[in-house]
Amino acid sequence: MTNPETITHDVIIVGAGLAGSWAAMVAARQGVRDIGVLSKIHPLRSHSGAAQGGIAASLSNVRPVANTGPRGPLEAVPPGAEPPDSWELHMFDTIKGSDWLGDQDAIEVMVQEAPDIIYEYEHMGCVFSRLADGRIAQRRFGGHSAPRANYSKDYTGHVLLHTIHEQALKHGVKFYSEWSLLELIVEDNICRGVVAMEILTGKVHTMRAKAVMFGTGGYGRAFKITSNAYANTGDGVSIAYNAGVPLMDMEFVQFHPTGLYRHGILMSEACRGEGGYLTNKDGHRFMEKYAPDKMELAPRDLVSRSEQTEINEGRGVGPDGQGVYLDLRHLGREKILERLPQVRDLAIEFVGVDPIDAPVPIQPTAHYSMGGIPTDVNGQAIADAAGTPIVGLYAAGECACVSVHGANRLGTNSLLEASLFGRRAGYAIADFIKNGAELQPVSGDPAEGQRQRIRKMLDNPGTESVDKIAQTLKQTMTDNCGIFRNEARLKVALQDVKTLQARFQNARTMDKGSRFNTDLLTTIETEHLLNFSEVLVTGALARTESRGAHSRTDYPKRDDTDWLKHTVAHKGADGPVLSYKSVNIDFDRYPPQERKY
Ligand SMILES: Cc1cc2nc3c(=O)[nH]c(=O)nc-3n(C[C@H](O)[C@H](O)[C@H](O)COP(=O)(O)OP(=O)(O)OC[C@H]3O[C@@H](n4cnc5c(N)ncnc54)[C@H](O)[C@@H]3O)c2cc1C
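Here the structure is a predicted model, which means the values were calculated and not measured.

Caption draft 1: Representation of the overall build of the protein chain within the structure. Looking only at helices and strands, the protein chain features 16 helices and 24 strands. For a compact globule of 597 residues, the expected C-alpha radius of gyration is about 25 Å, and the protein chain comes in at 23 Å, within 12% of that figure. For the protein chain, the C-alpha atoms occupy an extent of roughly 70 × 55 × 50 Å along the three principal directions. Considering the protein chain as a whole, with its 597 residues, one finds that 61% of them fall into the buried category. Considering only intrachain contacts with a sequence separation of at least 6, the fraction spanning at least 24 residues in the protein chain is 74%. In the form shown here, the protein chain has an accessible surface area of approximately 21,800 Å², with 50% of it arising from carbon and sulfur atoms. For the protein chain, the centre of its 64 positive side-chain charges and the centre of its 73 negative side-chain charges are spaced 3 Å apart.

The following block contains the structure:
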């Protein structure tokens, strides 16, 4: 191919968050010279940088003070003392958190390698919060039975992302900042490259590569109230799905219990990890009713449902009764300023409440996408339920589904997953290239196909507003495919998604220019939201049970006889075609049990 607009690299990585940056850095360090990383926003604005509370690993640096109960103070573990935590404990907590839908072989890899990834960050200069003796500090997090969240105040994602971005630059990785992925090229089950647009100029390029990796992040922006960055519109999963790649377990969306009331901006789980209370309008710590042992530190699915029940039964706060309170006052000024400075600023800025003086109104917020592109533990993308690899295509981080989180992710396991499976993908990609992978031919002119698609969008004289379509979608997804679901509501959601897809055909992009056309980008992102939302709702409608974050009021029980399996969705002519894949369970060691906290 001699087209001057075609760009070639050995490796193209889409996404500059932790998953993509780790993979790029490791592959470069392993000797792959020619790596390009695309990010539609500045790499350091990737959502990984917004993570607050911590990254899990069983370092055993701190332990609860004896006889002070599950929420008592923590102390440094003296040298030589029995380690209070282990990878086995981390593994059990993660499996239980996942409601037994997590693949146990993948979970085992993650929890065993977790301490090593923390030490690798440390050796690269990452500024963790420390104990008095210099070891890395740790705090409690929901669903974890030992304090194993390693953190840097409440700026953990920021320090991790800066560390790894610097290292990627040092190893010569080329970043395409503000380039937007438009298409993934897969023919005959072999990945051949991508098509992307340089946002500044509007120029569209075919980018060929021997290996492509997606680290494109989550899809929380399909919901009205979300903690996710504006960029988290699920482009990667939607584009992969269009290329024939399946999506797995898309119906599992995590709602975080503490988003700022009406905004959804995150108040880190570290607020509860440090001892914060949740109260209703009567000042009652309602978690007593729902999770008497773990209280506020039960896992997120359970706490969000408890809050929503309080709200639905009329015990909410705020003008519309749609909030509850997060009360941090008893932690005291000093601890709040030392451990939670960012969330304090966010509360002051967005709801006008200083957590030092008053309880903060909060509500559940769409937070994390458990589903995504199915992969093995080396980031290799999988084409079907039988496990056939898609040659040259890799994925890691929130856009992937390994699956370590199953039906519900535990807090701090995601920064871990993105870093660790990003790193593993980096090694796998380096091996693939060094073992003689070649550039594969591309048929036709994919870039021209995308130029025509964009031209059609810009020329559409339609009467519909893209923004209205996106807002209507977010509203119906929140109302009908949110924390509590049932058949009637899910059918409404599915019908709404289809109607909105049809209306989108008649939608107008107002800005017709080519330079930095953010209006065009919003149109493209809205098309992605409509595309994967159909998969999400279809999977949720089919799954007639309640498991983890998927809670069906018409099927309130977990059903291991029929539903202990992953949903796999392929794109068909009339919508998603579902099949199912068994969960990898070690029935001797970790057989399914009832999940109680
Ligand atoms: C507010 C908040 C706080 C969190 N706190 C924690 C925490 O304390 N602990 C924890 O474990 N987890 C936390 N999480 C979750 C965790 O941060 C994410 O799951 C993780 O960082 C995802 O990393 P990633 O590399 O997969 O994706 P991201 O960091 O989201 O990066 C996605 C990348 O893909 C690029 N991209 C996407 N679409 C395109 C496109 N079309 N073209 C080009 N590039 C594209 C983006 O530009 C970006 O670079 C938090 C999440 C949020 C929202």
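Anyway, onward from the coordinates.
Caption draft 2: Fine view of the nonpolar core. Of all hydrophobic cores here, the largest spans 71 residues; its most connected members are L184, M207, F214 and I373. A total of 10 residues in this core trace back to one element, the largest contributor, which is helix α15 (residues 518–542). When near neighbours in sequence (up to four residues on either side) are disregarded, I373 contacts F214, G236, V237, A240, V245, P246, L247, A381, A395, C399, A400 and C401. A57, M213, L416 and A428 belong to the second largest nonpolar core, which has 70 residues in total.

Caption draft 3: Examining the side chain of R423 more closely. Assignment of secondary structure puts R423 in helix α11 (residues 413–434). A relative accessible area of 6% places R423 in the buried class. Beyond its immediate sequence surroundings of up to four residues, R423 is in contact with W22, V26, E113, D116, I117 and E120.

Caption draft 4: Just the packing of helix α13 (residues 466–480) against helix α14 (residues 487–504), in detail. Two numbers describe how α13 lies on α14: the axes approach to 9 Å, and their chain directions differ by 170°. On the basis of their axis angle, the class for α13 and α14 is roughly antiparallel. The segment α13 lies against α14, with I469, T472, L473, T476, M477, D479 and N480 engaging R489, L490, V492, A493, D496, V497, L500, R503 and F504. Considered class by class, the residues forming the contact of α13 with α14 number 9 nonpolar, 3 polar and 4 charged.

Caption draft 5: Geometry of the pairing of strand β24 (residues 575–582). Note that strand β23 (residues 565–572) and β24 share 8 bridges and pair antiparallel. When the sheet's bridge partners are listed, H570 is paired in β24 with V577. Counting the residues in the hairpin turn of β23 and β24 gives 2 residues.

Caption draft 6: Quick peek at the packing of α14 against α15. Interhelical geometry of α14 versus α15 gives an angle of 155° and a closest axis separation of 9 Å. Taken as axis vectors, α14 and α15 run roughly antiparallel relative to one another. For α14 against α15, the interelement crossing comes out left-handed. Between α14 and α15, the contacting residues are E487, L490, K491, A493, L494, V497, K498, L500, Q501 and F504 on the first element and T523, T526, E527, L530, N531, S533, E534, V537, T538, A540 and L541 on the second.

Caption draft 7: Layout of the site of the ligand. Around the ligand lies a shell of 38 residues, among which S46, H47, S48, E398 and S414 are the nearest. The side chain of S46 places a nitrogen or oxygen atom 2.7 Å from an oxygen atom of the ligand. Between the ligand and S414, the relevant distance is 2.6 Å, taken from an oxygen atom to a side-chain nitrogen or oxygen of the residue. Within the complex, the protein chains bury 98% of what would otherwise be the 1,000 Å² of accessible surface of the ligand. At the level of secondary structure, the elements contributing two or more residues to the shell around the ligand comprise α1 (18–29), β2 (35–39), β9 (179–187), β16 (360–369) and α11. Per element, the largest residue contribution to the shell around the ligand is 4 residues, and it comes from α11.

Caption draft 8: Spatial organisation of the sheet that holds β23. Reading across the sheet, the 3 strands line up as β12-β23-β24 and stay open at both edges, with antiparallel pairing between neighbours. On the outer flanks of this sheet lie β12 (247–248) and β24, each paired with one strand and no other. Running over the sheet, helix α5 (residues 235–242) touches β12, β23 and β24 and is turned about 65° from β23. Its contacts with the sheet place α15 against β23 and β24, and it is angled at close to 55° to β24.

Caption draft 9: Representation of the pattern of salt bridges. In total, this model carries 45 salt bridges according to the counting rule given. With a closest N to O distance of 3.0 Å, R423 and D116 form a salt bridge. Of the two residues, R423 sits in helix α11 while D116 sits in helix α3 (residues 104–123), which places them 307 residues apart along the sequence. For K289, the salt bridge is made with E310, and the minimal N-O distance between the two is 3.0 Å. In this pair, K289 sits in helix α7 (residues 287–290) while E310 sits in helix α8 (residues 300–312), placing the two residues 21 residues apart along the sequence.

Caption draft 10: Broad picture of the environment of F175. The topology assignment puts F175 in strand β8 (residues 174–177). For F175, a relative accessible area of 17% puts it in the buried group. Spatially, the C-alpha atoms of F175 and G462 are 36 Å apart, while their sequence positions differ by 287 residues. Leave out the neighbours within four places in its chain, and F175 touches A16, V37, P43, H165, A168 and L169.

Reading guide: rules and limits
- What you see as residue numbers is a count from 1 along each chain, following the sequence as written.
- Under the rules for a predicted model, residues below a pLDDT of 70 receive no local features and side-chain atom pairs below 80 are neither given nor counted, while totals for whole chains, interfaces and linings still include all residues.
- Side-chain measures were taken over the full set of non-hydrogen atoms in the model, leaving aside hydrogen atoms and water.
- By definition, any uninterrupted DSSP run of H or I lasting at least four residues is a helix, any uninterrupted run of E lasting at least two residues is a strand, and each is numbered from the N terminus.
- Restricting the calculation to C-alpha atoms gives the radius of gyration, and the globule rule supplies 2.2 Å times the number of residues raised to the power 0.38.
- Each residue gets one of three labels from its accessible area relative to the maximum for its type: buried under 20%, exposed over 50%, partly exposed in between, using a 1.4 Å probe on protein chains only.
- Contacts: residue pairs with any heavy atoms within 4.5 Å of one another.
- Each accessible area is a Shrake-Rupley estimate made with a 1.4 Å probe; only the visible protein chains count as cover when residues are assessed.
- For the purpose of charge, His is not counted, nor are the chain termini; Lys and Arg are scored as positive and Asp and Glu as negative.
- Working definition for charges: the position is that of NZ of Lys, CZ of Arg, CG of Asp or CD of Glu.
- Throughout this description, the term nonpolar core refers to a set of buried Ala, Val, Leu, Ile, Met, Phe, Trp, Tyr and Cys residues connected via side-chain atoms within 4.5 Å.
- To get an axis, fit a line to the C-alpha atoms, keeping to the stretch in contact for a helix; angles then go from 0 to 180 degrees between the N-to-C directions.
- Should an angle lie under 35 degrees it is considered roughly parallel, over 145 roughly antiparallel, and from 65 to 115 roughly perpendicular; all remaining angles are considered oblique.
- Three classes are used: nonpolar for Ala, Val, Leu, Ile, Met, Phe, Trp, Tyr, Cys and Pro, charged for Asp, Glu, Lys and Arg, and polar for all others, with Gly counted as polar.
- Here, any two strands with at least 2 DSSP bridges between them count as paired.
- Working rule for handedness: look at the near helix, and if it is turned counterclockwise from the far one by less than a right angle, call the crossing left-handed; if clockwise, right-handed.
- Consider each residue's heavy atoms; a residue with any of them within 4 Å of a molecule or strand counts as near.
- The term polar contact refers here to a pair of N or O atoms within 3.5 Å; inside protein, the definition further demands a hydrogen-donor-capable atom paired with an acceptor-capable atom, and it admits residues adjacent in sequence only when both atoms are side-chain atoms.
- Salt bridges are identified by distance alone: a Lys or Arg side-chain nitrogen within 4 Å of an Asp or Glu carboxyl oxygen.

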